[in-house]
Amino acid sequence: MTSGAGPADGATTKLAGTATEPAAGTATEPADGTATGSDAGTATASDAGTASEPAAATATDGGASQAGRAPSYRRTELRALVEVVALCGLVITQPLLDITGKSPDFFLFHGAGRADILSLVAVYTLVPPLVLWGVGALLGLLVRRVAGAVPGRAVRTALHTATLGLLLAALAIQVGKQMSGVRGLPLVLIAVVVGAGGAYLYRRWQVTGQVLRVAAVGPLVFVLLFVFASPASAVVLPGERSGAGKGGAGAANVHPPVVMLILDEFPLVSLLDANGAIDAHRYPNFARLAGESTWYRNATGVSGYTPYALPAMLTGRYPAEKQAPHHSRYPDNLFTAFGGPYEIQAQESITQLCPPSECPDRNSSARGGLPTLLRESATLLEQIVSPTEVGQRDPEDSYREVTQREVGADGKPVAPTDPQFRWGALDENQPARFVDFLDTLRPADRPTLHFLHLLLPHSPWNYLPSGIRYESPDGMPNDGRGWVELAHRRHLLQLEYTDRLLGETLRRLDSTGLYDDALLVLTADHGVSFTPGAQGRGLGAVTRAPGEVLWVPMFIKQPGQRAGAVDDRNWEHVDLLPTVADLAGVEVPWHTDGVSALRTTRAPGDKHYHDQPGDPLMVPGGTFADLLSGRARPVLPPQPRPELIGRSVADLPTGPPAGSVTVRNRTDFDQIEQAGGRLPALVYGTVPNSVRNGTLLAVAVNGRIGAVAPVVSPDPGGQRFAALLPDESLFRPGRNEVQVYQVAEGSVLRPLRD
């Protein structure tokens, strides 16, 4: 390296690959201590932090020399920020806006207004890059102040390069999950290599930084697409469509009170016994309703996706476009038709079809707004970047009933009339909107439409029949051998809880005198398949198990009706609005695809099912015969070793220890509160990989066996098991003991060490 005074014109001279020095012999550095892919390694202004510097020939990271002034402090940091913005846009902004943009019901369910949504978009777009860039800039500045300019520059450059490398690794994880079946540690290792390689290229060639800075326009494009072109745009910018107006009085001009209870993800086959009748022992309140109403057994939903299915039910029209379930997109609906002669008391769930003119108090039960959106978005992002997740999280997974405490309701729930219904212990987990719905069920001077869309027995399945709540771990599968059987049992138990809620509704109507006078409607928007290999509501499930997905409960009790009737006409859920309007004496002032059951009978034939709006799939109507004969029921393995359930461990032979087990929720047994409304009724954990798939494990609580469950095939969560303990008598207040045994031949229990 040369040193000394420069030429007379004041210019400094530098050999290729060497750093220039001032006449005093000290090293120069950039005013901010920052280097990026386009300017890293250049010599800039002095410690004073000024932007002035000699017009030197500088060297890039690639060793090529070029003439010109090195970037100023502000320009260098601005470039660093823009580069971080570009990568954060690909890693965070785009996937989050894509998922939530396709799910406007995500915002509607959580009570989010336009300001909440736009604030969330701003958080997605600005906060991550500002935080990542700001931390690096501040640490670089701190090192500069403490240790000097040269270390500060080195630290700042290293931090920025590491930040870009980490973001590239996160992007590689997302791309890897989409394009391959690699998961877990192998995917992490691949992502680390990609991130390190990307960081090297960034430091090696300045064109890499230039490409990143050009790509920084991406987040703006993603935001514009979300706001103006995604299905969620109807919620962000709800331009009102003109509708047909309010409905008028029908020919009868008689308007009874109307009570509509719409349940969710509820296949009719779950209600039926082997003979095709309602299982009155398990579901006494549904059996009562069937015995006092008209049961339309051949009723089918038109879509397996609530944002399409529910608007079809309430407008009488088949899904035609991908629209948000919002009154601005569907101005002609049940609420606008009934809004003339009726007062509306609506408790919606993942829709906002009732316009503010008819439902001014909609926001009184808002479910969290921006804070909840941020919490659920964080969970979405965690699963997006997780190397072990199979796919992206569905926003619908966050649809759960809020509690009285979460809502902050001051009033107490309506006092129950059924002493067996453990209402008093449910303050923590009682669906708040159901309480509000019950409170509206009272006689009124003006005809009233009482409407509730309740997300039950919809997953997540977390309720025992009594209403006691239990928790399940994130990422627990619902399909696959061993898992689908457990999911079906949990679904049926939650349906028993739903039956109890129906019973409370009927008792409330009885006690207020509304039962005889009211038009009572109960149905569900769609079902769900538990057939192995076709679990869910997708096209595969519709093809293999249409009886579980399409056919739903449909009961209508007319005012004064006490004798039950069964009507097997061809009913599709676009028939709901015309039929209810006819019975309520309301004229529907727009054309509907559905027909009123009072005026005509839909011709027998195939059923319309819309996996996508405007593209109906015809499902054979002959499936109805399979449903009545029991052939449409899911064929699942029976509960293994039922003779052991409820037995005392002391009464059974025991053998030597069989190995180890990890009970993931063991601490939940340390202290159980008698009135807490929660129990650890789902025991889950892992066993060593040496344990064979299908090995039966018995789970005992306080010395009594509550469940026998198999070890399932290994997955990203390990060699897992999960056992459901629905018998609440197993538990006691305070500390409880849980023990897992391997079930050997001859019902011998071999303990597993935790």
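Computed from a predicted model, the values in this text were never measured in an experiment. (Residues numbered from 1 in each chain as written. Predicted model: local features only at pLDDT ≥ 70, side-chain atom pairs only at ≥ 80, totals over all residues. Heavy atoms only, no water.)

What follows deals with the sheet that holds strand β18 (residues 682-686). If you trace the 3 strands from one edge of the open sheet to the other, you get β17-β18-β21, paired in antiparallel fashion. With partners counted over all chains shown, the strands left at the sheet margins are β17 (662-663) and β21 (720-724), one partner each. Relative to β21, β18 runs antiparallel, the two sharing 5 bridges. Counterpart to V683 in the pairing with β21 is A723. Helix-sheet contacts for helix α15 (residues 483-512) involve β18 and β21, and the interaxial angle to β21 is about 25°. (Pairing = 2+ DSSP bridges. Helix = DSSP H or I, 4+ residues; strand = E, 2+ residues; numbered from the N terminus. Contact = heavy atoms within 4.5 Å. Axes fitted to C-alpha atoms, helices over the stretch in contact; angles between N-to-C directions.)

On the surface, V217, L220, V221, L224, L225, F228 and L237 cluster together into a nonpolar patch covering about 660 Å² of accessible area. Relative to the helices and strands, V217 resides in the loop between α6 (206-215) and α7 (218-228). (Patch = residues over 30% accessible without salt bridge, like charges linked within 9 Å, V, L, I, M, F, W, Y side chains within 5 Å. Areas by Shrake-Rupley, 256 points an atom, 1.4 Å probe, with all protein chains shown as cover. Salt bridge = Lys/Arg side-chain N within 4 Å of Asp/Glu carboxyl O.)

Burial analysis of strand β8 (residues 448-453) places 6 of its 6 residues in the buried class, which makes it a mostly covered element. Pairing analysis gives 5 bridges linking strand β4 (residues 258-263) to β8, with the strands arranged parallel. Residue L261 lies in a different strand from β8, and its bridge partner there is L452. Looking at chain direction, strand β7 (residues 343-347) and β8 are connected through 5 bridges and run parallel. Bridging from a neighbouring strand, E343 pairs with T448 of β8. (Buried < 20%, exposed > 50% of the residue type's maximum accessible area, 1.4 Å probe, protein only.)

Turning our attention to the packing of helix α4 (residues 149-179) against helix α5 (residues 184-204). At their nearest, the axes of α4 and α5 sit 7 Å apart, and the two run at 135° to each other. Comparing their axes, α5 and α4 come out oblique. Where α4 crosses over α5, the two elements pack in a sense that is right-handed. Contacts between α4 and α5 involve T157, H160, T161, L164, G165, L168, A169, A172, I173, G176 and K177 from the former and L187, A191, V194, G195, G198, A199, Y202 and R203 from the latter. Partitioned by chemical class, the residues of the contact of α4 with α5 number 10 nonpolar, 7 polar and 2 charged. (Parallel < 35°, antiparallel > 145°, perpendicular 65-115°, else oblique. Left-handed = near helix turned anticlockwise from the far one by under 90°. Nonpolar A, V, L, I, M, F, W, Y, C, P; charged D, E, K, R; others polar.)

Below, the discussion takes up the nonpolar core. Core analysis: the biggest nonpolar cluster contains 47 residues, and L263, L271, F286, L454, L522 and F555 have the highest contact counts within it. The element best represented in this core is α15, accounting for 7 residues. Counting 40 residues, the second largest nonpolar core, distinct from the first, contains Y470, W483, V528 and I672. (Core = buried A, V, L, I, M, F, W, Y, C linked by side-chain atoms within 4.5 Å.)

The quantities given are spatial measurements derived from coordinates; they are silent on function.
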